[in-house]
Amino acid sequence: MSNHLVVTAMGADRPGIVSKFARLASECDCDIVDSRMALFGNEFTLIMMLAGSWPSITKMETSLPSLSVELELLTVMKRTSKHTPQNYICRFDITFSGRDQRGTMGKITQFMAERSLDIAAVKSHAEEDESGNPTQNINLTINVPEKVDIDKLEVGILELATELALECTIERMQGVES
C-alpha cells in the first residue's frame, strides 16, 4: 500500500527549483503523483503529491528541510491518502470575465458552496486591458453531484454572471450532454 505526502513550497523564483524537487523525490524513491507550479509576482509556488512506501515518504520528510534551506523556500508537508473521487453526474468548465471588481471570487465561491458543488480547480487572473481598465478572468472546474438539476444550475450561474456584470461561458466537460 502506498503512502502519500503533499508538499507545498514558496519562495523567490529561480531556475532549477522544480528539477531539485524532482531529483529529491527520485532519490527518496517516491513517485510524483500530481504537481502544480505557478508564479505569483516574483514568487515561485509548487504543490506536489508524492507516493511511496512508508520508509520512502519518511526519507522525503527528513530530507526536504535541508533542500528548503538550500533553496531559501518556505515548505510545508502533510501526509494524506489517495484521492477517492466522488460520484458526479458531470463536470463543468466555467469562465467568468469582465471588469475587475472586489469580492467577485467570494460571491462566486459562495454560490458554489450553497449548492454543494465540488470545486475541482480554480484559476484567476487580473490585469489591465489596452485602455488601462482593470479586468479579470476566473476559470472554475466544478464537479456536479447527482442531486443537482444541471439545467437549473446553468441558469443560476448565468444569472450570477449577469448580477456581477461579467461575461460567462459554461462547458459541460463530461457526463450529461446539454
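These numbers come from a predicted model, not from an experiment.

**Brief notes about the overall build of the protein chain**
A count of helices and strands for the protein chain gives four helices and eight strands. From first element to last, N terminus to C terminus, the protein chain shows the α and β order β-α-β-β-α-β-β-α-β-β-α-β. For the protein chain, the C-alpha atoms occupy an extent of roughly 50 × 45 × 25 Å along the three principal directions. In the protein chain, which comprises 178 residues, the proportion classed as buried is 34%. Here the analysis covers contacts within the protein chain between residues at least 6 apart in sequence; of these, 72% occur between residues at least 24 apart. Carbon together with sulfur atoms contributes 51% to the accessible area of the protein chain, which is approximately 11100 Å² in total. Of the charged side chains in the protein chain, 17 are positive and 26 negative, and the gap between their average positions amounts to 6 Å.

**Some remarks on the environment of L160**
Looking at where L160 falls in the secondary structure, it is placed in helix α4 (residues 150–163). For the pair L160 and F96, spaced 64 residues apart in sequence, the C-alpha separation works out to 9.9 Å. With residues up to four places along the chain from it excluded, the contact list for L160 reads F96, K107, I108 and F111.

**Here we look at the sheet that holds strand β4 (residues 74–80)**
Pairing is antiparallel in the open sheet, where four strands are placed in the order β2-β3-β1-β4. The outermost strands of the open sheet, each flanked by one partner alone, are β2 (31–40) and β4. Recorded for the sheet is a direction-independent mean angle of 10° between the axes of neighbouring strands. Bridge count between strand β1 (residues 3–12) and β4: seven bridges; the pairing is antiparallel. Each bridged residue has a counterpart across the sheet, and for L5 the counterpart in β4 is R79. Strands β1, β2, β3 (43–52) and β4 of the sheet are contacted by helix α1 (residues 17–27), whose axis makes an angle of about 15° with β3.

**Concerning the layout of surface pockets**
Space inside the largest pocket adds up to approximately 420 Å³. Every residue lining the largest pocket is counted, 22 residues in all, and those nearest its centre are V6, T8, R36, I47 and M48. Secondary-structure elements contributing two or more residues to the lining of the largest pocket are β1, β2, β3 and β4. In terms of residue count, β2 provides more of the lining of the largest pocket than any other element does, six residues in total. The residue inventory of the lining of the largest pocket, partitioned by class, reads twelve nonpolar, seven polar and three charged.

**Things to note about helix α2 (residues 54–71)**
Taking 1.5 Å per residue, 18 residues should reach 26 Å; α2 reaches 26 Å between its end C-alpha atoms and fits that length. Of all the bends in α2, the greatest, near 30°, is centred on S63, and the proline P65 appears no more than four residues after it. The set of residues buried in α2 consists of S56, I57, M60, S63, L64, L67, S68 and L71.

**So, α1**
Listing the buried residues of α1 in full gives I17, F21, L24 and A25. The buried residues of α1 occupy an angular sector of 100° when the element is viewed end-on, so they sit on one face. Along α1, the residues that are exposed and aim more than 90 degrees away from the buried face are S26 and E27. Residues of α1 that are buried in the fold lie against β1, β2, β3, α2 and β4. Positive phi shows up at D29, right after α1, with a value of about 65°.

**Some points on the environment of G98**
Inspection of the secondary structure puts G98 in strand β5 (residues 88–99). Taking the relative accessible area as the measure of exposure, G98 reaches 22% and is therefore partly exposed. Once the C-alpha coordinates of G98 and S124 are considered, the two residues, 26 residues apart in sequence, prove to be 12 Å apart. G98 has contacts with P134, T135, Q136 and L166, leaving out every residue within four places of it along the chain.

Reading guide: rules and limits
- Residues numbered from 1 in each chain as written.
- Predicted model: local features only at pLDDT ≥ 70, side-chain atom pairs only at ≥ 80, totals over all residues.
- Heavy atoms only, no water.
- Helix = DSSP H or I, 4+ residues; strand = E, 2+ residues; numbered from the N terminus.
- Buried < 20%, exposed > 50% of the residue type's maximum accessible area, 1.4 Å probe, protein only.
- Contact = heavy atoms within 4.5 Å.
- Areas by Shrake-Rupley, 256 points an atom, 1.4 Å probe, with all protein chains shown as cover.
- Lys, Arg positive; Asp, Glu negative; His and termini not counted.
- Charge placed at Lys NZ, Arg CZ, Asp CG, Glu CD.
- Pairing = 2+ DSSP bridges.
- Axes fitted to C-alpha atoms, helices over the stretch in contact; angles between N-to-C directions.
- 1 Å grid on protein atoms, 1.4 Å probe; cavity = no way out; pocket = protein on both sides within 12 Å on 5 of 7 lines; lining within 4 Å.
- Points joined across faces, edges and corners; volume = space filled by probe spheres on them.
- Nonpolar A, V, L, I, M, F, W, Y, C, P; charged D, E, K, R; others polar.
- Expected span 1.5 Å × (residues − 1).
- Bend = angle between axes of the 7 residues up to and from the residue.
- Arc of directions from axis to C-beta.

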